[in-house]
Amino acid sequence: MVENSELRKAGLKVTLPRVKILQMLDSAEQRHMSAEDVYKALMEAGEDVGLATVYRVLTQFEAAGLVVRHNFDGGHAVFELADSGHHDHMVCVDSGEVIEFFDPEIEKRQKEVVREHGFELVDHNLVLYVRKKK
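Residues numbered from 1 in each chain as written. Predicted model: local features only at pLDDT ≥ 70, side-chain atom pairs only at ≥ 80, totals over all residues. Heavy atoms only, no water.

1. Regarding the packing of helix α3 (residues 35-44) against helix α4 (residues 51-64)
In a packed pair of helices, the relevant descriptors are the angle between the two axes and the axis-to-axis distance.
Thinking step 1. Packing of α3 against α4 leaves a shortest axis separation of 9 Å and a crossing angle of 125 degrees. Here α3 lies oblique to α4, going by the angle between them. Both α3 and α4 take part in a crossing whose hand is right-handed. The segment α3 lies against α4, with A35, E36, V38, Y39 and L42 engaging L51, V54, Y55 and L58. (Axes fitted to C-alpha atoms, helices over the stretch in contact; angles between N-to-C directions. Helix = DSSP H or I, 4+ residues; strand = E, 2+ residues; numbered from the N terminus. Parallel < 35°, antiparallel > 145°, perpendicular 65-115°, else oblique. Left-handed = near helix turned anticlockwise from the far one by under 90°. Contact = heavy atoms within 4.5 Å.)

Spelled out as structure tokens, the structure:
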């Protein structure tokens, strides 16, 4: 099972709650999920995993590099699997929807700005807060 090898590779013991949570994050339609979202999805699937366990496992996954935590303004933490390349986010201020995007021009310009100021880019996180046009 892929989940088992992912957990072992991350240095985590394979337990049923960890496997279920990893499967849920991998198969969910929603790519950015809060701990509460994961808990509700597990409950709907008939899985008996407590909310405290979900929080604990997500924190372990973050420390092991399996998930990335985002703390977008005005909302609670959401998690996404750390399986994709770099991307930026748009967050709808009305619905809370998170939209991923990648724009090579934005990436290029950020590097230029950093270089113009005499620095080198180590990492970045771009979040645009948006609203549907009326």
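2. Some remarks on the sheet that holds strand β3 (residues 88-92)
The pairing of strands in a sheet comes from backbone hydrogen bonds and takes either a parallel or an antiparallel form.
Thinking step 1. Sheet architecture is open: 3 strands sit in the order β4-β3-β5, paired in mixed fashion. Each edge of the sheet is formed by a strand with only one pairing partner; in this case those strands are β4 (98-101) and β5 (127-130). Across the sheet, the mean angle from the axis of one strand to that of its neighbour is 25 degrees, orientation sign disregarded. (Pairing = 2+ DSSP bridges.)

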